[in-house]
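Remarks on the overall topology
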Amino acid sequence: MHNITLINGDGIGPEISDSVVKIIKASGLDINWDIQTAGVDVIEKEGSPLPQRVLDSVRKNKVALKAPVTTPIGKGFRSVNVQLRKDLDLYANLRPCKNLPNVKTRFDNVDLVVVRENTEDLYAGVEEKIDENTAHSIKIITRKASERICRFAFDYALKNGRKEVCVVTKANIMKLSDGLFLDSYRNVAKDYPTIKQREILVDNLCMQLVQDPSRFDVLVLPNLYGDIVSDLTAGLIGGLGVAQGANIGLDCAVFEPVHGSAPDIKGQNKANPTALLLSAIEMLKYINENEHALKIEQALFKTLNENNKTVDLGGKLSTTEFTDCIIKNLL
Ligand code: NAI
């Protein structure tokens, strides 16, 4: 039996976690979920939104499924999500983005992968208040982290039959920091002669993505651009409710959707569990449970093809009704 950490999050986190746990169980796979709470709700009792026990659990089990956790804007604790990725050195954020069956969007030929550096850039959290009216955030880019993420992107491309890895920067303006990321990409690319190389500025990328996403294959980006661009690409395939993700390091991996805790629909049984379910399917492949991964994927696709959808995709089903349809289609 697999031991897997489940961080069930807050906001819509617990609702979509319940759905995914139920579906995996119904597929016939026994998982021993090590449930770990995190976020604002645990601060009062434990003094931190990310208690040590959560990190220990992921380190021990090596694999986690994570639902979203709220990060209060402005003052307070650092984001649980950023901290978790940093503490566990989950340096690669992988966000595959592909059309789903019977989910109509502007384009029906989206099939790209966002590879986002996960540990540095403006997300390193190095900020200082200079005076009442001035604040600085330091953008940290190192050759070590940049080469590591570029190598991850090229290796991913090789393993998954992808043809091109395109590096995304704003190196024309941030000549030193983004320039270093670009230079690291060029160095690494020399080791992958069979994969096409391409360089693009992030603003041009955004324009081209909304014109014709089929122009792109694998994208590799520093942290901030990766965060923003992957929400854009989520929009290309039907929105945040269907956008999956994974944070991968050398020792462990945390699978989580792109979306946040969606406080606007919390507790209303409206959330789409698909993004977390697709993340869980990738997790099952990662632990070599390919048969169950495929079975669940087919049940999800069948459910969508039957036009059974949640509200965000133009359907009428609640989270629990949608979950029940998928479970029915597993049988
Ligand atoms: P959000 O992703 O939570 O929501 C944006 C919009 O998408 C909302 O209208 C929401 O209802 C909708 N949406 C998101 N997921 C959905 C789903 N599964 N089904 C149906 N609709 C869905 O982004 P927002 O509002 O900017 O962030 C809310 C909180 O989540 C913030 O505290 C933020 O820091 C946190 N967050 C956490 C992440 C994580 O845990 N990895 C990632 C992104 C944000």
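To be clear, the structure that these remarks concern was listed above.
These numbers come from a predicted model, not from an experiment. (Residues numbered from 1 in each chain as written. Predicted model: local features only at pLDDT ≥ 70, side-chain atom pairs only at ≥ 80, totals over all residues. Heavy atoms only, no water.)

**Side note on the site of the ligand**
Taken together, 22 residues lie around the ligand, and V69, T71, G260, A262 and D264 are the ones closest in. Between an oxygen atom of the ligand and a side-chain N or O atom of N81, the distance comes to 3.0 Å. Take S261: an N or O atom from its main chain is 3.0 Å from an oxygen atom of the ligand. If the ligand stood free it would expose 810 Å²; the protein chains cover 70% of that surface. For the shell around the ligand, the class distribution of residues is 9 nonpolar, 8 polar and 5 charged. (Near = heavy atom within 4 Å. Polar contact = N/O pair within 3.5 Å; in protein donor to acceptor, adjacent residues only side chain to side chain. Areas by Shrake-Rupley, 256 points an atom, 1.4 Å probe, with all protein chains shown as cover. Nonpolar A, V, L, I, M, F, W, Y, C, P; charged D, E, K, R; others polar.)

**Here's the deal with the packing of aromatic side chains**
Inspection of every chain in the model, using the stated rule, returns 4 aromatic pairs. Between F154 and Y192, the ring centres sit 4.9 Å apart and the planes meet at 15°, which makes this aromatic pair stacked. Remark: Y192 occurs in the loop between α6 (177–189) and β9 (196–201) and F154 occurs in helix α5 (residues 143–159); sequence separation between them is 38 residues. Clustering of aromatic rings is evident, with ring pairs tying together F154, Y185 and Y192. (Phe/Tyr/Trp six-rings, centres within 6.5 Å; stacked < 30°, edge-to-face > 60°. Helix = DSSP H or I, 4+ residues; strand = E, 2+ residues; numbered from the N terminus.)

**With respect to α5**
With 17 residues, α5 should cover 24 Å at 1.5 Å per step; its first-to-last C-alpha distance of 24 Å lies within 8% of that length. For α5, the complete set of buried residues consists of A145, S146, I149, C150, F152, A153, F154, Y156 and A157. Directly after α5, the chain includes G161, whose backbone phi takes a positive value near 65°. (Expected span 1.5 Å × (residues − 1). Buried < 20%, exposed > 50% of the residue type's maximum accessible area, 1.4 Å probe, protein only.)

**Quick look at the packing of α5 against α6**
Packing of α5 against α6 brings their axes to within 8 Å, and their N-to-C directions diverge by 45°. Here α5 is positioned oblique relative to α6, judged by the angle of their axes. Once α5 is placed against α6, the crossing between them reads as right-handed. Of the residues in α6, those touching α5 at R143, S146, E147, I149, C150, R151 and F154 are L180, F181, D183, S184, Y185, N187, V188 and A189. When the residues that make up the contact of α5 with α6 are grouped by side-chain class, the tally is 8 nonpolar, 3 polar and 4 charged. (Axes fitted to C-alpha atoms, helices over the stretch in contact; angles between N-to-C directions. Parallel < 35°, antiparallel > 145°, perpendicular 65-115°, else oblique. Left-handed = near helix turned anticlockwise from the far one by under 90°. Contact = heavy atoms within 4.5 Å.)

**Topic: the state of the cysteines**
Here the structure, examined in full by the defined rule, presents 0 disulfides. Here C150 is not cross-linked by a disulfide; its sulfur's nearest cysteine counterpart is in C166, at 11 Å. C206 forms no disulfide, and the closest cysteine sulfur to it belongs to C166, at a distance of 12 Å. (Disulfide = S-S within 2.5 Å.)

**Some details on the sheet that holds strand β2 (residues 31–36)**
Taken in spatial order, the 10 strands of this open sheet run β2-β1-β3-β12-β11-β4-β5-β10-β8-β9, and their pairing is mixed. Lying at the two open borders of the sheet, with one neighbouring strand each, are β2 and β9. Each neighbouring strand pair of the sheet contributes to a mean axis angle of 25°, computed without reference to strand direction. Here strand β8 (residues 164–169) runs beside strand β10 (residues 218–221); their pairing, made up of 3 bridges, is parallel. Paired with V167 across the strands is V220, a residue of β10. (Pairing = 2+ DSSP bridges.)

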